[in-house]
Amino acid sequence: MQPKKLGSTSGPSRASLAAVLSLDSIRSLRGSLITLRRRCGKPTCHCAKGAPHATPALSFSENGKTRILTLTPAELPTVRRALSHYHKAQAQTGKDAERGLRLLRRYLARARQA
Ligand SMILES: [Zn+2]
């Protein structure tokens, strides 16, 4: 078998992937929601004088680099839910580990005095 090249065009297109991969299958995400603000440069655009364009995005770090994925407003609820899921899961894992320490301490105290 040939190793798959990065950036190969033989794979499914982004559109066809989107059709089979539902946003609902994204359960957990790490990162922060941010808002990118920019002026597009068109002199007649409202942003030339008024507020810049605002685009929601997910910022996260990967291999030590900050990455940004821009989002549509429709994608926001899923991303918010998945971020919240991750934070709750992290908190629960922390609680489980604290409980583990308490139990280990209790166990060892009992085992050592016997
Ligand atoms: Zn503009």
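Residues numbered from 1 in each chain as written. Predicted model: local features only at pLDDT ≥ 70, side-chain atom pairs only at ≥ 80, totals over all residues.

Caption draft 1: Inspection of the overall build of the protein chain at higher detail. In terms of regular secondary structure, the protein chain is built from two helices and three strands. Along the protein chain, helices and strands appear, N-terminal first, in the series α-β-β-β-α. Classification of the 114 residues of the protein chain by burial places 1% in the buried group. Contacts spanning at least 24 positions in sequence make up 45% of the contacts within the protein chain whose residues lie at least 6 apart. (Helix = DSSP H or I, 4+ residues; strand = E, 2+ residues; numbered from the N terminus. Buried ≥ 20, exposed ≤ 12 C-beta atoms within 10 Å, placed from the backbone. Contact = placed C-beta atoms within 7 Å.)

Caption draft 2: Inspection of the sheet that holds strand β1 (residues 32–38) at higher detail. Strands sit in the order β1-β2-β3 across an open sheet of three strands; the sheet is antiparallel. Of all the strands in the sheet, the pair left with one neighbour each is β1 and β3 (65–70). Between one strand and the next, the sheet's axes are offset by a mean angle of 40°, whatever the strand orientation. Pairing of strand β2 (residues 53–62) with β3 involves six bridges; the strand directions are antiparallel. Counterpart to A57 in the pairing with β3 is T70. (Pairing = 2+ DSSP bridges. Axes fitted to C-alpha atoms, helices over the stretch in contact; angles between N-to-C directions.)

Caption draft 3: The pairing of β1, seen in detail. Buried residues are scarce in β1, accounting for zero of its seven residues. In this sheet, β2 lies alongside β1 in antiparallel orientation, the contact comprising seven bridges. Bridging across to β2, L33 finds its partner in L58.

Caption draft 4: Highlighting unusual backbone geometry. Look at N63: it is not a glycine, yet its phi comes out positive at around 50°. Structurally, the position occupied by N63 is in the loop between β2 and β3. Taking the C-beta count within 10 Å as the criterion, N63 has 5 such neighbours and is therefore assigned exposed.

Caption draft 5: View of helix α2 (residues 76–113). Helix length check: α2, at 38 residues, gives a terminal C-alpha distance of 56 Å against a target of 56 Å (1.5 Å per residue), a fit within 8%. With zero of 38 residues buried, α2 is to be regarded as a mostly surface element. (Expected span 1.5 Å × (residues − 1).)

Caption draft 6: Quick look at the confidence of the model for the protein chain. Averaged over every residue, the pLDDT of the protein chain is 90; the share at 70 or more is 85%. Confidence, expressed as mean pLDDT per element, reaches its minimum in the protein chain at helix α1 (residues 14–20) with 70 and its maximum at β3 with 98. (pLDDT = per-residue confidence, 0-100.)

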